[in-house]
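So the chains spell out like this:
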Amino acid sequence: MNKRYSMLFTITAVAVMGATLFGSTYTQTQITGQTFDTSNLDVDMMDQIRQMGGLQLVMPQAFAETDCSVLESSGRNVVEFNLTGESVQLPIMGGKTYSAMTFNGQVPGPTLRVTQGDVVKMTLSIPTDEVVGHGNDMHASQISALTFDSVNPGETSQYCYIAESAGVFKYHCSGVHLVGMDQHVLSGMYGIAIVDPANGYKKLMVEKTSGSGELDRIFYDADALEFTLQFNQLYLTDEGFYDAGAMFQHHNTATVINGLQFGYVPNMLHNILLKGDADKNIFVAQPWNSIELKQYQSQLLYVENNQHVRLFIENHGNEPVFFHIVGEILDRVVQGNRVQSAATETWLLGGSQNMIVDLVFDEPGAYALVNHDYAAIYTGGIGLFIAGDPFGLNPRFVDAGIIDEPVTSYAYVLGNPSDAVPPMGKNSIAHPAVNIHGLYTDDVASDMKDAGLIALWEVIPTLPPVP
Ligand SMILES: [Cu+2]
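Residues numbered from 1 in each chain as written. Predicted model: local features only at pLDDT ≥ 70, side-chain atom pairs only at ≥ 80, totals over all residues. Heavy atoms only, no water.

> So what's going on with the sheet that holds strand 15 (residues 254-257)? Residues and values would help.
Strands sit in the order 15-14-17-22-19-20 across an open sheet of 6 strands; the sheet is mixed. Whereas interior strands pair on both sides, the edge strands pair on one side only; in this sheet they are strand 15 and strand 20 (338-344). Going from strand to strand, the sheet's axes swing by 20° on average, the running direction of each strand aside. Two strands pair when backbone bridges link them, and strand 19 (residues 330-335) and strand 22 (residues 353-360) are joined in this way by 3 bridges, in the antiparallel orientation. The partner of V333 across the bridge, within strand 22, is V357. (Pairing = 2+ DSSP bridges. Helix = DSSP H or I, 4+ residues; strand = E, 2+ residues; numbered from the N terminus. Axes fitted to C-alpha atoms, helices over the stretch in contact; angles between N-to-C directions.)

> Got a sec to walk through the coordination of the copper ion? Specific residues and values, please.
The coordination sphere of the copper ion contains the protein donors H134 (ND1), C173 (SG), H184 (ND1) and M189 (SD), at a distance range of 2.0 to 2.6 Å. Angles of 83 to 134° at the metal separate the 4 donor atoms of the copper ion, which places the site in the irregular class. Donor residues binding the copper ion come from one chain and are separated in sequence as H-x38-C-x10-H-x4-M. Residue H134 is found in strand 6 (residues 134-135), and its partner H184 is found in helix 7 (residues 181-186); the two are separated by 50 residues along the sequence. For the residue pair H134 and H184, the accessibility class agrees, reading buried in each case. (Donors = N, O, S within 2.8 Å, 3.2 Å for Na, K, Ca; no water. Tetrahedral: all angles 85-135°; square planar, octahedral: opposite > 155°, others 65-115°. Buried < 20%, exposed > 50% of the residue type's maximum accessible area, 1.4 Å probe, protein only.)

> I'd like to hear about the sheet that holds strand 16 (residues 301-303), residue by residue, with values.
Read across the sheet, 5 strands follow the order 16-24-23-18-21 without closing on themselves; strand pairing throughout is mixed. The open sheet is flanked by strand 16 and strand 21 (346-349), the only strands paired with a single partner. Within the sheet, the average angular offset between the axes of one strand and its neighbour, ignoring direction, is 20°.

> Quick rundown of the environment of G240? Include the residues and the values.
Structurally, G240 can be placed in the loop between strand 14 (225-234) and helix 8 (244-248). The class of G240 is buried, set by a relative accessible area of 2%. Distance in space between the C-alpha atoms of G240 and T97 is 6.5 Å, their sequence separation being 143 residues. If near-sequence neighbours (up to four positions away) are discounted, G240 is found in contact with T97, Y98 and S99. (Contact = heavy atoms within 4.5 Å.)

> Could you give an account of the side chain of N232, naming the residues involved and the relevant values?
Topologically, N232 is positioned in strand 14. Since its relative accessible area comes to 0%, N232 is described here as buried. Those residues in contact with N232 that lie beyond four places of it in its chain are V185, L186, Y190, A254, T255, V256, H316 and G317.

> Quick one: what's the story with the pattern of salt bridges, residue by residue and with numbers?
Scanning all chains against the criterion turns up 9 salt bridges. Here E72 ties to K121 by a salt bridge, and the two come within 3.2 Å at their closest N and O atoms. On the criterion of sequence distance, the pair formed by E72 in helix 5 (residues 68-72) and K121 in strand 5 (residues 119-125) is long-range, its members being 49 residues apart. Linking E458 and K449 is a salt bridge whose minimum nitrogen-to-oxygen distance equals 2.7 Å. Its relative accessible area of 37% is what places K449 among the partly exposed residues. (Salt bridge = Lys/Arg side-chain N within 4 Å of Asp/Glu carboxyl O.)

> Lay out the side chain of S409 with the relevant residues and their values.
Among the structural elements, S409 can be located in the loop between helix 11 (394-399) and helix 12 (411-414). What S409 contacts, discounting residues up to four positions off in sequence, is Y302, V303, E304 and G388.

Structure below.
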């Protein structure tokens, strides 16, 4: 008997002893069912388990493989993902800025999208003038954060992995040798990897009664219009620095979705569009409320009615997220590529938990998505989906020659916010247009404009005024 098997025998013996000693609290039937004869547990049996591959499955080679040269020549699709760790000043509500830590000058960091089985080659570079080192922990990799460790200013490091499991997975800075991870993540160094299932997403079944009262099942194609919604908090001093004391007390300064408080609510430009007057509010909160704010001014999320919508949602924060859409039902909730719920109104995400929500907006209207914790709503955890043409803008857009015929959502004219639109996957419906919106540095926003994204602060003033 070699040493490993003898250790297993010891563990087994202790377990059996425990079952026997504590067995008196159970019924006789249960004790009999749990007890087995150790004299039959010989080396041959362990050999059989090993030959079946049972012990090997504890640590499959693929999970531990991080050698890029090996994985790049494995014949799998290789996706490169390049990140730069940068500390920058970014705006917060009230006209101030805060000391943000970012991947690539944006919060959240870029969304990685791959197909299950792809190789990801992640390269992290830290500029020479960066104040501290940074790490990167991608949960899709199933590699310990300690394996990669942190990268010093002026250095570059990379690792590779196979994205084995389908789902949504966070990635985040792991601090400097894991120290300060809370500060780095809560200051902005986070993002998600979407690993699409190898066989694609499932059709969406919505089961409800029809107008006549008959039970009706509607099947929607797996292809969907997709958004990412990443929740987090900021804990800041008055000067905009990270406040660890506030974090320990769960006393947050702001609740953010995709980096911004109230990032997807109407602003004065929407007032002009709908009411012809910048000062006639159509929504109570208008915090990002000036054309001068450019990419930071709030935008809305536009969807069509009777369209399969898929939301990739991650809670990066320190507080729970009670995800809820006012006036809607979440038609399906998926976690880890398994359906968790259907026809539910709210789904709870703890810290570092995620889900995919599938739903269909049946009627035209404005639907608020919230973290249904009132403190979170009042500190920024709210946004609006606009489904269809609830405000009757189509005739005006047609009369003004902006569109030739009525459109099924305002996204065709105004586009959807770039920070909420993930890269395309195999079951994605392309957004009609995408505008520049997000907690991006001006450099990042400028690159997006060069790439052809809509600069809404230039487009909206050209739209027809309310008659
Ligand atoms: Cu960092």
